[in-house]
Amino acid sequence: MDTEKILGLFKEITSAVLIEIGVVFAVATLIVLASQRVLPWLAGHLHGKQRLFALALIPTIRVLVFIVAFVWVVPLVIEPSMQNMVAILGAAGLAIGFALKDYISSMAAGMVAVYELPYRPGDWIEVEGTYGEVKHIGMRAVEMVTPDDTVVFIPHLKLWTKLIFNANNGGPSLMCVADFYLHPEHDANVVKHLLEDVGLTSPYVQLSKPIVVVAKEEPWGTHYRLKAYPIDPRQQFQFMTDLTARGKNCLRALPVKFAQLSPEHAAQAGPY
Amino acid sequence: MAESNHWQLIPLDTFERPSAPATTAIQQAWSQLRKLFIAEEDDDVNPDEQDFPHYREFDLAPAVAAIDTCWDADEPPSVRFVISAPFSGSGAIFREWAKQNGYQQLEPPSLEQLGQADTDAWWQQQASERWLIDEFSSFWLRTTEHMQFMRALLPRLLRGELGTGVVVIDSWTFAFLHRAWPLSLPHCYCFAAATPELLKDSGVIASDKRLRNLAAKARGNLGVALALWAVEQDEERSLPRLPSEADDSTAFILYSLLLHHGLKGEYLQMVLPLMAANQLDVQLLRLQQNGIIDLDENKVWRINVYAYPDVREFLAARGFWLDGF
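Here the structure is a predicted model, which means the values were calculated and not measured.

Each value, and the rule that gives it
- Residues numbered from 1 in each chain as written.
- Chains lettered and ligands numbered in written order.
- Predicted model: local features only at pLDDT ≥ 70, side-chain atom pairs only at ≥ 80, totals over all residues.
- Helix = DSSP H or I, 4+ residues; strand = E, 2+ residues; numbered from the N terminus.
- Buried ≥ 20, exposed ≤ 12 C-beta atoms within 10 Å, placed from the backbone.
- Contact = placed C-beta atoms within 7 Å.
- Domains from an automatic or database assignment.
- Axes fitted to C-alpha atoms, helices over the stretch in contact; angles between N-to-C directions.
- Parallel < 35°, antiparallel > 145°, perpendicular 65-115°, else oblique.
- Nonpolar A, V, L, I, M, F, W, Y, C, P; charged D, E, K, R; others polar.
- Pairing = 2+ DSSP bridges.

Another point: the overall build of chain A. Across its full length, chain A holds 8 helices and 8 strands. The C-alpha extent of chain A, read off along each of the three principal axes, is 90 × 40 × 30 Å. Looking at the 272 residues of chain A, the share that counts as buried comes to 26%. Pairs at least 24 residues apart make up 68% of the contacts formed inside chain A by residues separated by at least 6 positions.

This is the structure we're talking about:
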């Protein structure tokens, strides 16, 4: 392909076209920046589903603005025929693909994330052992804050190959589990009913959701798991603290002895 | 009398809240939006502003007559439940009805009896053939130790072991009961939502449209409607607003007060052990300064009637388990 043919694919770039491209770029940037400022502020004043909806709008707006700006700008630069489009975008795609493979792959995964919704702002997710709340979904990476207030940037690229665990999946329901390890000599039904009441009387508990207690006999005693949902996912750690503190007091008053686990038995048990 | 009486006692499942006219709905949405944007501007609380006009008490006689119209006096079931929204006055109405019909008003159990779920000791002190429990909210506390009494008492009431009676249950307690004791209670009644005619009878003089708006704003609750009307009539007053510092702890306190129809400080501490005593005091005093709650002569903290709509909205926005009214 000679130079004349290549130049023939493009339109003549006049100053008016340059200004139009500049204006489109500026307006798109303004809209995205405004949405990134206004929507988190609004979400800070809301709770539950409304908060999560406001947060979920941020990446959606950005992708929509990006698509509109792209569709607007490309015909200004390229002669809009199928042949031209395929030639230029194909060549550009090949070049970018080789040079910025991971970056582009992350951006593509970011687009897929907006459509598939494996995580949204406000969700509590775990990726490769790191757990936290999604604060921001960028073009290339997702920004997460751990319970210890550490910001973690995870490239969207992980979406292709890694398991993403989402604890609340866009809704306000997030199950919390409080563990109790008891000496085997006790009435399991009494303990089960008591722990259900511990859940029911927590001010954090979401009463529209089930409260479940499961027990498993272990060589060292009985392992109880009290499962319930807080009203707001952000309350999960206070909720578990409340369940543990009051649960311990009630069990001690019953009275039930707590199991004394040796270090080899204290290893993390699998969920059930 | 029967034709002109706008009070109606109805089965609970037929209750309908008055719908707000479109303009009122838009006004409410606008007011919520404004609250969102001006929430940061907290009022400097002026203690004088707590002096709200005392809203006019309504006449109990037509409400009592409505009970007799609805219920067959000859063959009453063993127990009937009346679900009462806060400030709707159902407790006072049924106390009056009980006096006229020879029903004995039962005293709530002591804290010790609640803890031991000792329904026998409580009943034997005051056994009677016909009785009224005018405030079922006093028959439990939201702690693991103080819910067993309620669970022991309800089956006895339903089996007819304690004779014939009427139980007035606060709507917030009733909503919680659905979760804590998931059996549908039979013979549940409530007063129908306030209509413009009932508001007129209760002394609110305004156009039909304004009365409909008022009834919708108060969610059909006559007591709340009268309070809102009293504030509307006084240009120098405005409804109390929750402090901008209101957080999860504030919500827990307000929810607990609604759940138990008011609580003493020490009981509130039992229900919310996660809050330190000084933290609880700060929250209570701040809410009192903002006119959200009051401390009555029995040292019981209660939600102020003027603040009730705002408190309900606040809890609804945070996803709390609400009453059905």
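Anyway, onward from the coordinates.
The next thing to look at is the domain arrangement of chain B. Residue and element names in this part refer to chain B. By domain assignment, chain B separates into domain 1 (78–186) and domain 2 (239–320). Computed from C-alpha atoms alone, the centre-to-centre distance between domain 1 and domain 2 is 24 Å. Taken residue by residue, the interface counts 11 residues in domain 1 and 11 residues in domain 2. Counting residues per element, the side of domain 1 that touches domain 2 draws most heavily on helix α7 (residues 171–180), which supplies 3 residues.

Another aspect to go through is the packing of helix α2 (residues 15–44) of chain A against helix α3 (residues 48–77) of chain A. Residues and elements named next belong to chain A. Relative to each other, α2 and α3 sit at 175°, their axes nearing to 9 Å. It follows that α2 is roughly antiparallel to α3 by the angle criterion. Its residues assigned to classes, the contact of α2 with α3 comprises 21 nonpolar, 2 polar and 3 charged.

What follows deals with the sheet that holds strand β6 (residues 188–191) of chain B. Judged by pairing direction, the sheet is mixed, and its 6 strands sit side by side in the order β1-β6-β2-β5-β4-β3 (chain B) without closing on themselves. Edge positions in the open sheet fall to β1 (9–11) and β3 (104–105) of chain B, since each of these has one partner strand only.

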